[in-house]
Amino acid sequence: MRCLSTVQFRLSINGYLTDPFHSTRGIRQGDPLSPYLFLLIAEGLSAATRLQESQALFSGIQICRGAPPLSHLLFADDSMVFSPVHPQASASLNGILDLYNKATGQLVNREKSSILFSPNTSAESQNQFRQDLHLMGEGFISKYLGAPHCVARVSNSMFHYLLQKVSSKLKSWNEKFFSRAGKETLIKAVVQAIPSFAMSSFKVPKSICSKIQSLIAKFWWGSQGTNKIHWKNWDSISVSKFFGGLGFRILSSHNQALLAKQAWRTWNDRNSLLHSVLKARYFKNSDFMNAPSGHNSSFTWRSILWGRHLLQKGLVWKIGTGTSIPLSAPNWIPNTKHPILLHSLHQSQAFVSFFINDDSTWNTRKLKHYFPPYQVDRILTTPIDPLSSDSLIWGFHSSGILTVKSAYHLACTLHSAQVPSSSNPNPYFHWWKTLWSLPVPPKIKHFIWRAFHHILPCSLNLFHKRSLPDPLCSICGYDKESVSHALIGCTRAKSIWKSSTFKQFYLSYYRSDIKDFLLQAFQVLPKQEFQVFITFIWQIWNTRNSILFNKNHTTNNVEEFVVNYLQEYKDVQHSQKHDTQPSEVSSITQSSHQHWLLSLSPDTPALFVDAALDHQAGLTGAGFVFKRGYQTVLASQSRRLPGVVSPIFSEGQALLQSLKWCIDSQFTPQVVFSDCLNLVSKVNGD
């Protein structure tokens, strides 16, 4: 329903009522007061509906026996009302809207309102109900907020509008010139966000995702509406930047991650309306995690189950007492689906609690007796939380809560062999991480990315793509022009290298492939010089293009140009940083520890906590010193704990052990010091 209004309001501001004001043009999104007015109006409609329901004059609908009845749903300035089709229902609806009008001054715009009937409603009943409600306008809306409103049998045509939206957006950009970095931003921030809302509720067909990715790929590799060579397949460049790709989303994996978030909410919020409705329909005698797909289930439910499949892959046990976790349960040992027991255990002892000491540490003697060594090592990296019960949490985020980003990375790992994993590690992580963080223009980073992957448009690559008749270098004519030849081996490139400060490095590695050439420079050159080095290579390519296309054979002062170019870029970047607060905050953070130490009075009781890891021995060291002021030591203690957990957990263990000691010894510190900023932030935060 859509409403028109001439409403009078008085608001309380700072405890004082304002003079009355009128909303003469209706309530619209974007008005300064619209959020408050929407809440008031929505509550008014709900109250009018509940009044009719309490008098048994109106009832909502149920999707099945045992499901909660639905009478109305409100979102922003739109309202959806659910009702059985009979004369009393239409009269009650008119009564609700009349009461709502008297209370708020809003009138329903019946020309913009629409209605949808179930398929088993007769045409006669539909016409009579429309007449009673004076709804003679448009048919029921097909999409709401960019997603299909009603879904029966899924088909590609249902989501064809997503293709149209993406295509329209890309066509409007194709006539413009964009840098690689500009295209990257537009694709990630605009185009790939278009299907996200629909993907949050539905499993979009893979064919639609593939067509959208094909449109994006054409825009990425082409320009001004022309089709150009696709130098690398889309799956490869959709990998994270830290793994050698460009971080574009794989839409099917993104779709599953969004639905996994919906599954997570359904599973965790068991008091929600969604959980109540789904439980009544699909898992009345079970729970969400064990719910079957059901007979003749809806497309929405099947979509959520697809998200649940990913959710189940990412759940791990958070170990408290261990009494609720059978040893046969998956996901309590990191990266282990099926625990292996070397000796049998009585059924009453076959729980994780059997291997936990009374002080909430792992019993290494028992572990080594019952589990193979590699599983013992993994178990000892698992923290124990003695203050909480055993529970399943999301294992791919430090909070234990599913995020779409972490679910997406898991989906990519499960679906793509190109994504690095424990069995397929990423040997170039530090290289990519450093490259993308360098303070150089983004176009240079993109150029180095292409050079590293040997996909620059040199003669040899163009010959392989059948765009040139021969692969010979057009400048020296002596050899095939590969990427390495163009940037290192050509006589033109040699003269530039030998006249630069990189001459000695060049003479040591000029026989290398361009990939190894870059990696060697990354290893041996200081970071500041490495920035100049990659920009130098970029300019060598520019001089090559200038000779070929502009017939300009001047190659002097390449290094001088590069140094000046980088300095100008950094000056511009510096001038655009008007807000200096982040650097000030950073310096304050770095000096805060020293500040607290200096401000301690001689009588202030303070606790100093630290931890250390011994990976070889498989131990965590936890220690503390209790002082009066900064110098007077009152007590100290250290302890070796079995297992090597992550650094923040080891620091947390040390903090917990020291606080327990303080409680037992009746020491009360006013200040606690730790050198783990991550832990301090979490303790002081939420």
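Residues numbered from 1 in each chain as written. Predicted model: local features only at pLDDT ≥ 70, side-chain atom pairs only at ≥ 80, totals over all residues. Heavy atoms only, no water.

### Looking at the overall build of the protein chain
Okay, step 1: Assigned secondary structure in the protein chain consists of 26 helices and 16 strands.
Okay, step 2: Taken across its 686 residues, the protein chain has 41% of its residues classed as buried.
Okay, step 3: Sequence-distant contacts, at least 24 apart, represent 62% of the contacts inside the protein chain between residues at least 6 apart.
Okay, step 4: On the protein chain, roughly 38200 Å² of surface is accessible, and the fraction owed to carbon and sulfur atoms is 53%. (Helix = DSSP H or I, 4+ residues; strand = E, 2+ residues; numbered from the N terminus. Buried < 20%, exposed > 50% of the residue type's maximum accessible area, 1.4 Å probe, protein only. Contact = heavy atoms within 4.5 Å. Areas by Shrake-Rupley, 256 points an atom, 1.4 Å probe, with all protein chains shown as cover.)

### Side note on the sheet that holds strand β14 (residues 619-628)
Think of a sheet as strands paired side by side through backbone hydrogen bonds, with each pair either parallel or antiparallel.
Okay, step 1: The mixed open sheet is built from four strands, whose spatial order is β15-β14-β13-β16. Of all strands in the sheet, those with a lone pairing partner are β15 (632-642) and β16 (671-674), marking the two edges. Each neighbouring strand pair of the sheet contributes to a mean axis angle of 15 degrees, computed without reference to strand direction.
Okay, step 2: The pairing of strand β13 (residues 605-614) with β14 spans 10 bridges and is classified as antiparallel. Within β14, the position partnered with L607 by the bridge is F626.
Okay, step 3: The strands that helix α25 (residues 647-665) touches are β13, β14, β15 and β16; relative to β13, the one it contacts most, it runs at about 140 degrees. (Pairing = 2+ DSSP bridges. Axes fitted to C-alpha atoms, helices over the stretch in contact; angles between N-to-C directions.)

### Some words on unusual backbone geometry
What is expected of a backbone is that most residues other than glycine have negative phi and most peptide bonds are trans.
Okay, step 1: The backbone of S360 shows a phi angle near 65 degrees, a positive value even though the residue is not glycine.
Okay, step 2: Positive phi, normally seen in glycine, also occurs at H454, with a value near 60 degrees.
Okay, step 3: Within the secondary structure layout, H454 lies in the loop between α16 (442-452) and α17 (459-464).

### A word on the pattern of salt bridges
Okay, step 1: Scanning the entire structure with this criterion turns up six salt bridges.
Okay, step 2: Taking the shortest distance from any N to any O, the salt bridge between K318 and D385 comes out at 3.4 Å. Here D385 lies in the loop between α13 (373-379) and β12 (391-394) and K318 lies in strand β11 (residues 315-318), a separation of 67 residues in the sequence.
Okay, step 3: Looking at K318, the relative accessible area reads 30%, which means it is partly exposed.
Okay, step 4: For D385, a relative accessible area of 24% translates into the label partly exposed.
Okay, step 5: By sharing partners, the salt bridges in this structure join E184, K188 and K241 into a single network. (Salt bridge = Lys/Arg side-chain N within 4 Å of Asp/Glu carboxyl O.)

### Re the side chain of S90
Okay, step 1: Its place among the elements puts S90 in helix α2 (residues 87-104).
Okay, step 2: Exposure remark for S90: the relative accessible area of 3% places this residue in the buried category.
Okay, step 3: A distance of 2.8 Å separates a polar side-chain atom of S90 from the backbone oxygen of P87.
Okay, step 4: A polar contact is formed between the side chain of S90 and the side chain of D132, at a distance of 3.3 Å.
Okay, step 5: Apart from the residues lying within four places of it in its own chain, the contact partners of S90 are F129, D132 and L133. (Polar contact = N/O pair within 3.5 Å; in protein donor to acceptor, adjacent residues only side chain to side chain.)

### Things to note about a nonpolar patch on the surface
Okay, step 1: On the surface, a cluster of nonpolar side chains totalling about 280 Å² of accessible area is made up of I340, L342 and Y374.
Okay, step 2: In this fold, L342 is placed in the loop between β11 and α12 (364-370). (Patch = residues over 30% accessible without salt bridge, like charges linked within 9 Å, V, L, I, M, F, W, Y side chains within 5 Å.)

### Concerning the nonpolar core
Okay, step 1: Membership of the largest hydrophobic core comes to 80 residues, with the highest contact counts inside it found for L487, W497, F533 and I534.
Okay, step 2: A total of nine residues in this core trace back to one element, the largest contributor, which is helix α22 (residues 527-550).
Okay, step 3: Once residues lying within four places of it in the same chain are set aside, the contact partners of L487 are F447, A451, L456, A493, W497, I514, I537, I540 and W541. (Core = buried A, V, L, I, M, F, W, Y, C linked by side-chain atoms within 4.5 Å.)

### A look at the confidence of the model for the protein chain
Okay, step 1: In the predicted model, the protein chain carries a mean pLDDT of 85, and the fraction of residues at 70 or more is 85%.
Okay, step 2: Below pLDDT 50 for its whole length, residues 579-590 participates in one contact with residues either more than four positions away or in separate chains. (pLDDT = per-residue confidence, 0-100.)

### A few points about the packing of aromatic side chains
Okay, step 1: All chains considered together, the criterion is met by 48 aromatic pairs.
Okay, step 2: The ring of W306 carries the charged tip of K203 above its face, separated from the ring centre by 4.6 Å.
Okay, step 3: The ring of F288 has R308 sitting right over it, with the charged end atom 5.9 Å from the ring centre. (Phe/Tyr/Trp six-rings, centres within 6.5 Å; stacked < 30°, edge-to-face > 60°. Lys NZ or Arg CZ within 6 Å of the ring centre and 35° of its normal.)

### Overview of helix α15 (residues 429-437)
Okay, step 1: Buried within α15 we find W431, W432, L435 and W436. Looking straight down α15, one finds its buried side chains confined to an arc of 115 degrees; they lie on one side.
Okay, step 2: The elements touched by buried residues of α15 are α16, α21 (514-524) and α22. (Arc of directions from axis to C-beta.)

### Considering the side chain of R450
Okay, step 1: Turning to its location among the elements, R450 is positioned in helix α16.
Okay, step 2: Despite its burial, R450 remains without a salt bridge, the nearest opposite charge being carried by E184 at 11 Å.
Okay, step 3: Once you skip the residues sitting within four places of it in the chain, R450 turns out to touch R180, I455, L456 and P457. (Lys, Arg positive; Asp, Glu negative; His and termini not counted.)

### Description of the pairing of β15
Okay, step 1: Across 10 bridges, β14 lies against β15 in antiparallel orientation. Bridging across to β15, T620 finds its partner in L641.

### Some words on the packing of α21 against α22
Okay, step 1: Axis separation between α21 and α22 bottoms out at 10 Å; the angle between their running directions is 160 degrees. Judged on the interaxial angle alone, α22 and α21 are roughly antiparallel. Seen along the crossing, α21 lies across α22 with a hand that is right-handed. Contacts from F517, L518, A521 and F522 of α21 reach α22 at F530, F533, I534 and I537.
Okay, step 2: A breakdown of the residues in the contact of α21 with α22 according to their chemical character gives eight nonpolar, no polar and no charged. (Parallel < 35°, antiparallel > 145°, perpendicular 65-115°, else oblique. Left-handed = near helix turned anticlockwise from the far one by under 90°. Nonpolar A, V, L, I, M, F, W, Y, C, P; charged D, E, K, R; others polar.)

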